[in-house]
Amino acid sequence: MASSRNNTRALTGAFTALIAASALALAGCSQAAPEPSSEGKAEGSASVAPPTIIKEGKLTVCTGDTPPNIFYDENNELQGVEIDIAKALADQLGLAPAFEEYAFSGLIPALQAKQCDVIMGSLYIKPEREEIANFVPYLYSGTGVGVNEKSPKKITGFDDSLCGANVVAITGATGGNGAEELSKKCEADGKPALEITLVDEGTSAVQQVIAGQVDAFIDTSEIMSFYEEQSGGTFRMVGEPTGKIRIGAATLKDNAELNTALDEAFKTLVDDGSYLAILEEWGVESNDITKPE
């Protein structure tokens, strides 16, 4: 487990340093994350092996840049609650975790191309995705709206106050889909549609909001809270999170063996208290998937 969880509250260089570090992600293509340490690798033989996994002794994880669940710290190392869950799952399977970073829209194509074994990148569990992949749920999430604190627009949350607003969302993410649905509702109610811009990662979206290029950013409530802290309140979330939904580890439909192994590993983390300990370290106990909806 990483040694400094307080990076979510105080990264060196604060918000500008985070922007610079996260900008390493290249839109539309993969980038190998720093090789993880194997110190936490479980003793003994791995419980799964090729062809269930693509590399002997490793759990290859497709991931993204979605703070605070996944982000780069000041040392350019991946951190976050999902990274720690991935490491803990790999350890339970007797494997070393290896992370490959993609733009959000590239996660599922990378899994389908067998460039990784599993996606753990703030991927919402939705019916259309369940047609492609099996999931092991491990977190709850919700949709939030972030604005510039000095914005003259009276945006109050994910509601009709966004009608006519210029908003930004991440390509392929639920926030963008929600924005499109809300835009249609605005038009049906005789109000102006949303103007929607799509980008490949959250730091770019937040930069646009702070620069006044757009009125609001729509994505997960976790991202909004994280960037609010990192910006010192210049960027802030408005309203309450909506649409509680599950995040999970996605494996290919024809790889039932790995799905089962990950599910059993996750149950072990829950039973022995490791899962709750990870959530507590990151201050996201409210996202506990084991609690009733």
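The structure this text deals with has already been given above.
Fair warning: this is a prediction, and the values are worked out from it, not measured in the lab. Just so you know, the residues in each chain are numbered from 1, in the order the chain's sequence is written. Given that this is a predicted model, residues contribute local features only at a pLDDT of at least 70 and side-chain atom pairs are listed and counted only at 80 or more, while totals for whole chains, interfaces and linings are drawn from all residues. As a rule here, side-chain values come from all non-hydrogen atoms in the structure, and water together with hydrogens is ignored.

**Looking at the environment of Ser231**
Each helix corresponds to a stretch of at least 4 residues labelled H or I by DSSP, and each strand to a stretch of at least 2 residues labelled E; elements are numbered beginning at the N terminus. Tracing the sequence through the fold places Ser231 in the loop between helix H7 (221-230) and strand E11 (235-252). A 1.4 Å probe rolled over the protein chains alone gives each residue an accessible area, and that area as a share of the maximum for its type sets the label: buried under 20%, exposed over 50%, partly exposed in between. Classification of Ser231 by relative accessible area gives buried; the value is 13%. Along the primary structure Ser231 and Ile210 are separated by 21 residues, whereas in three dimensions their C-alpha atoms are 9.1 Å apart. From its side chain, Ser231 meets the backbone oxygen of Glu228 in a polar contact 3.3 Å long. Contacts described as polar in this section are N or O atom pairs within 3.5 Å, which, within protein, must combine one atom able to donate a hydrogen with one able to accept it, while residues neighboring in sequence count only if both atoms come from side chains.

**As for the state of the cysteines**
Disulfide assignment relies on a single distance test, namely cysteine sulfur atoms paired within 2.5 Å. One pass over the full model with this rule turns up 2 disulfides. Between the sulfur atoms of Cys62 and its disulfide partner Cys116 the distance amounts to 2.1 Å. An S-S torsion of about -105° defines the bridge between Cys62 and Cys116 as left-handed. Taken together, the residues span a long stretch of sequence, with Cys62 in strand E2 (residues 58-63) and Cys116 in the loop between helix H3 (107-112) and strand E6 (118-119) at a distance of 54 residues. Classification of Cys62 by relative accessible area gives buried; the value is 0%. Taking the relative accessible area as the measure of exposure, Cys116 reaches 3% and is therefore buried. The disulfide bridge from Cys163 ends at Cys186, spanning 2.0 Å between sulfur atoms.

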